[in-house]
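Chain by chain, the residues:
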Amino acid sequence: MHVPDGFIDAPVSAVAGVVAAGAVAVGLRGARRELGGERTAPLAGLVAAFVFAVQMLNFPVAAGTSGHLLGGALAAILVGPYTGLLCIAVVLLMQGILFADGGLTALGVNITVMGVVTTVVAYAVFRGLTRVLPRTRRSTTVSAFVAALVSVPAAAVAFTLIYAIGGTTDVPLGKVLTAMVGVHVLIGVGEAAITALTVGAVIAVRPDLVHGARSLAAPLKLRVGGDLIDVPAAPAAATPAPARSTRTVWAAGLAAALVLAGFVSFYASASPDGLEKVAADKGIDEKVQEHGAADSPLADYGVEDVDNARLSGGLAGVIGVGATVVVGSGVFWAVHRRRTPQTPASRTGGSA
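Description of the structure in this document. From a predicted model like this one, the values you see are computed outputs, not experimental measurements.

Here the focus is the packing of aromatic side chains. The tally for this structure, following the rule as stated, stands at seven aromatic pairs. When the ring of Phe-52 is compared with that of Phe-99, the centres are 5.5 Å apart and the planes differ by 45 degrees; the resulting orientation is tilted. With Phe-52 in helix H2 (residues 40-55) and Phe-99 in helix H4 (residues 81-99), the pair connects residues that are 47 residues apart, well separated along the chain. Overall, Phe-52 belongs to the buried group, its relative accessible area being 1%. With a relative accessible area of 0%, Phe-99 lands in the buried category. Summarising the aromatic geometry, the rings of Phe-266 and Tyr-267 are spaced 5.3 Å apart at their centres and angled 90 degrees between planes, so their arrangement reads as edge-to-face. Overall, Phe-266 belongs to the partly exposed group, its relative accessible area being 38%.

Structure representation (C-alpha cells):
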C-alpha cells in the first residue's frame with residue numbers, strides 16, 4: 001500500500017506530513033516507557049528489519065493481484081504501539097530513500113496510513129480481545145490474528161479518506177472505497193496469518209520478549225476442593241536473577257530476516273499489490289510522478305549493474321535488512337538513553 005508521488009495533491013500531502021511528524025514525536029515519547037531495558041533497543045531494531053524483509057514477500061490474493069505485510073500489528077504487539085509506530089516509520093524511510101518505494105512527498109501519507117492507523121487500530125483490537133479472552137498463549141495468538149486482520153482494511157479506508165480530500169484524479173469515491181476495502185480484506189488474511197505465526201513462535205520461545213503477552217505473567221491458580229486459589233508468590237531472592245540473554249533470539253531473528261529478504265523474496269509474486277491494482281483499474285494513477293530516488297543504485301529492490309536478477313534482488317534485500325537494523329537500533333538506543341534523564345544530583349554524585 002505504498003502511496004507514490006502524484007496520487008495525493010501537495011497541500012494534503014503536506015498536512016499528512018505534519019500529522020505523521022506529530023505521531024512520530026508522540027511515538028518517541030511513548031517509546032521511552034516501552035524500551036524499558038538495554039536489551040529492548042536492539043530487539044526493536046530487529047523488528048523493523050524483520051518487517052522490512054517480510055514486506056518484500058508479495059503473496060497472491062486474487063487474479064492478477066498480490067499483497068504484502070504492512071507490519072503495524074506485528075510491530076505493535078511485539079514491542080508496543082509507540083515503538084511499533086517508529087519501526088514502521090523507519091522501514092518506510094529506508095524504502096523511500098534507498099529503494100524508491102513509496103513517494104518521498106507522500107512519506108507523510110504512508111506513515112499515517114501504514115504506520116499510525118495500523119498500529120493504533122491493531123493494538124486497540126488486540127488489547128480489547130486479550131482483556132475478555134482467557135490469558136493463554138493460544139488466545140493471545142488468536143487476538144494477534146484478529147487485530148492484524150482488521151488493521152489492513154482500516155488502512156485502506158484511511159487511504160480512501162485521504163484520497164477523497166486530496167486525490168489528484170476525479171474518480172467516484174464509492175468505487176475507490178469498495179475496491180480498496182475488498183482487496184485489502186483478502187490481504188488482511190495474509191497479514192493476520194503472518195502476524196499470528198510470528199507472535200506465536202516468539203511466545204513459544206520467549207514470551208517475556210512480547211510486549212502484548214505481558215498478561216501471561218498473571219498469577220498461577222490451583223484448584224483446591226473445587227475452588228481456584230492463587231499460588232502463593234515465591235519469596236524474594238536475596239540476589240535478583242540475572243536477565244536472560246537475548247542474543248540467541250536476536251541472531252535467529254536477523255538470520256531469518258536475511259534469508260527472507262536475500263533468498264525467499266526472489267519467489268514473491270510479481271503481480272501489482274492491492275493499491276497498484278486499484279489505481280490502475282480505477283485511474284487513480286493518471287498523474288503519478290517519477291520517484292525522487294528513481295536513480296538510486298538500489299531502486300526497485302535491485303542492485304545497479306548486477307545483471308543476474310536473483311543475485312541483484314538478493315543483495316538488495318540483504319543491504320536493506322542491514323541498513324534497517326542499523327538505523328532502527330540506533331534510533332531506539334538513542335530513545336532508550338533518553339528514557340531516564342539524569343537529575344542534577346545524580347550528575348554531581350549526590351545532594352547537599
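Continuing now.
Here we take up the environment of Ala-14. Within the fold, Ala-14 resides in helix H1 (residues 10-34). Along the sequence, Ala-14 and Thr-105 sit 91 residues apart, while their C-alpha atoms lie 7.8 Å from each other.

One finds Val-113 and Phe-159 to be the most contacted residues of the largest nonpolar core, which totals 88 residues. If we skip the residues at most four places from it in the chain, Phe-159 touches Val-3, Phe-7, Ile-8, Val-113, Met-180 and Leu-275.

The interhelical angle for the contact between helix H7 (residues 173-205) and helix H9 (residues 274-282), taken along N-to-C directions, is 150 degrees, at an axis separation of 10 Å. What the angle tells us is that H7 and H9 run roughly antiparallel. Considering how the two elements wind past one another, H7 and H9 form a crossing that is right-handed. Between H7 and H9, the contacting residues are Lys-175, Ala-179, Met-180, Val-183, His-184 and Ile-187 on the first element and Gly-274, Leu-275, Val-278 and Lys-282 on the second.

Right, let's talk about helix H10 (residues 309-337) for a bit. With 29 residues, H10 ought to run about 42 Å at 1.5 Å a step, and its terminal C-alpha atoms sit 42 Å apart, in line with that. Its side-chain oxygen 3.1 Å from the backbone nitrogen of Arg-310, Asn-308 forms the N-cap of H10.

Before going further, it helps to spend a moment on the side chain of Thr-65. Within the element layout of this structure, Thr-65 appears in strand S2 (residues 65-67). What Thr-65 contacts, discounting residues up to four positions off in sequence, is Phe-59, Pro-60, Val-183, Ser-271, Pro-272, Asp-273, Gly-274 and Lys-277.

Criteria and cut-off values
- Along each chain, numbering runs from 1 in the same order as the chain's sequence is written.
- Only residues with pLDDT of at least 70 get local features here, since the model is predicted, and only at 80 or more are side-chain atom pairs given and counted; chain-wide, interface and lining totals rely on the full set of residues.
- With hydrogens and water stripped out, all remaining heavy atoms of the structure feed into the side-chain values.
- In this analysis, rings of Phe, Tyr and Trp, with Trp reduced to its six-membered ring, are considered paired at centre separations within 6.5 Å, and the interplanar angle assigns stacked below 30 degrees, edge-to-face beyond 60, and tilted for intermediate values.
- Working definition: helices are DSSP H or I runs of at least four residues, strands are E runs of at least two. Numbering for both runs from the N terminus.
- Exposure categories follow from relative accessible area, calculated using a 1.4 Å probe and restricted to protein chains: below 20% of the type maximum is buried, above 50% is exposed, and the middle band is partly exposed.
- In this description, a nonpolar core means a group of buried Ala, Val, Leu, Ile, Met, Phe, Trp, Tyr and Cys residues linked to one another through side-chain atoms lying within 4.5 Å.
- Throughout, a residue-residue contact means that at least one pair of heavy atoms, one from each residue, lies within 4.5 Å.
- Between the N-to-C directions of two axes lies an angle of 0 to 180 degrees, each axis being a line fitted to C-alpha atoms and, for a helix, fitted only over the stretch in contact.
- What sets the label is the angle itself: under 35 degrees gives roughly parallel, over 145 gives roughly antiparallel, 65 to 115 gives roughly perpendicular, and the rest give oblique.
- For any helix crossing, the convention is left-handed if the near helix is rotated counterclockwise from the far helix by under a right angle, and right-handed if that rotation is clockwise.
- In this analysis, the expected span of each helix is defined as 1.5 Å times one less than the number of residues it contains.
- Between N or O atoms, a polar contact is any pair within 3.5 Å; within protein, one atom must be a potential hydrogen donor and the other a potential acceptor, and residues adjacent in sequence are included only when both atoms are from side chains.

So far we have only geometry, and geometry alone does not tell us how the molecule works.
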